[in-house]
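# Geometric and topological summary
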Amino acid sequence: MLDFTWSIFKQTGNIDTYLLLKEMEQEGYSEPKSEEELAQLQFPFS
């Protein structure tokens, strides 16, 4: 997910995307290991 977020930032230059990336890094975000973990994620933009 961090790679995806970085890729989006590189393509768009959107500062909000960069700030999201940095927030995820600070919180120690890790990739979900299973579909169940992925389903439990909460997205603030929904």
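Right, let's walk through the structure included here. (Residues numbered from 1 in each chain as written. Predicted model: local features only at pLDDT ≥ 70, side-chain atom pairs only at ≥ 80, totals over all residues. Heavy atoms only, no water.)

### Comments concerning the packing of helix α1 (residues 2-12) against helix α2 (residues 15-26)
The condition that has to hold: In this description, a line fitted to the C-alpha atoms serves as the axis of each element, helices being fitted only across the stretch in contact, and the angle between N-to-C directions of two axes falls anywhere from 0 to 180 degrees. Only DSSP runs of H or I with at least four residues qualify as helices, and only runs of E with at least two residues qualify as strands; both kinds are numbered from the N terminus onward. With respect to orientation, any angle under 35 degrees is reported as roughly parallel, any angle over 145 as roughly antiparallel, any angle of 65 to 115 as roughly perpendicular, and every other angle as oblique. For any helix crossing, the convention is left-handed if the near helix is rotated counterclockwise from the far helix by under a right angle, and right-handed if that rotation is clockwise. Contacts were defined at the residue level, with two residues in contact if any of their heavy atoms lie within 4.5 Å. Gly falls in the polar group here, along with every residue not listed as nonpolar (Ala, Val, Leu, Ile, Met, Phe, Trp, Tyr, Cys, Pro) or charged (Asp, Glu, Lys, Arg).
Packing of α1 against α2 brings their axes to within 9 Å, and their N-to-C directions diverge by 160°. Relative to α2, the element α1 lies roughly antiparallel. Crossing of α1 over α2 shows left-handed handedness. Contact with α1, carried on its side by Leu2, Thr5, Trp6, Ile8 and Phe9, involves Thr17, Tyr18, Leu20, Leu21, Met24 and Glu25 of α2 and no other residues of that element. In the contact of α1 with α2, the residues fall into 8 nonpolar, 2 polar and 1 charged.

### Here we look at the pattern of salt bridges
Pairs may arise between side chains of opposite charge once their charged atoms sit close together. Formally: What counts as a salt bridge is simple: a side-chain nitrogen of Lys or Arg found within 4 Å of a carboxyl oxygen of Asp or Glu. The classification of residues rests on relative accessible area computed with a 1.4 Å probe and restricted to protein chains. Under 20% of the type maximum is buried, over 50% is exposed, and intermediate values are partly exposed.
Here the structure, examined in full by the defined rule, presents 1 salt bridge. A salt bridge links Lys22 to Glu25; the shortest N-O distance between them is 3.0 Å. You can see Lys22 and its partner Glu25 sitting in helix α2, 3 residues apart, about one turn around the helix. Owing to a relative accessible area of 34%, Lys22 belongs among the partly exposed residues under this scheme.

It is worth stressing that arrangement in space is one thing and function is another; only the former is reported here.
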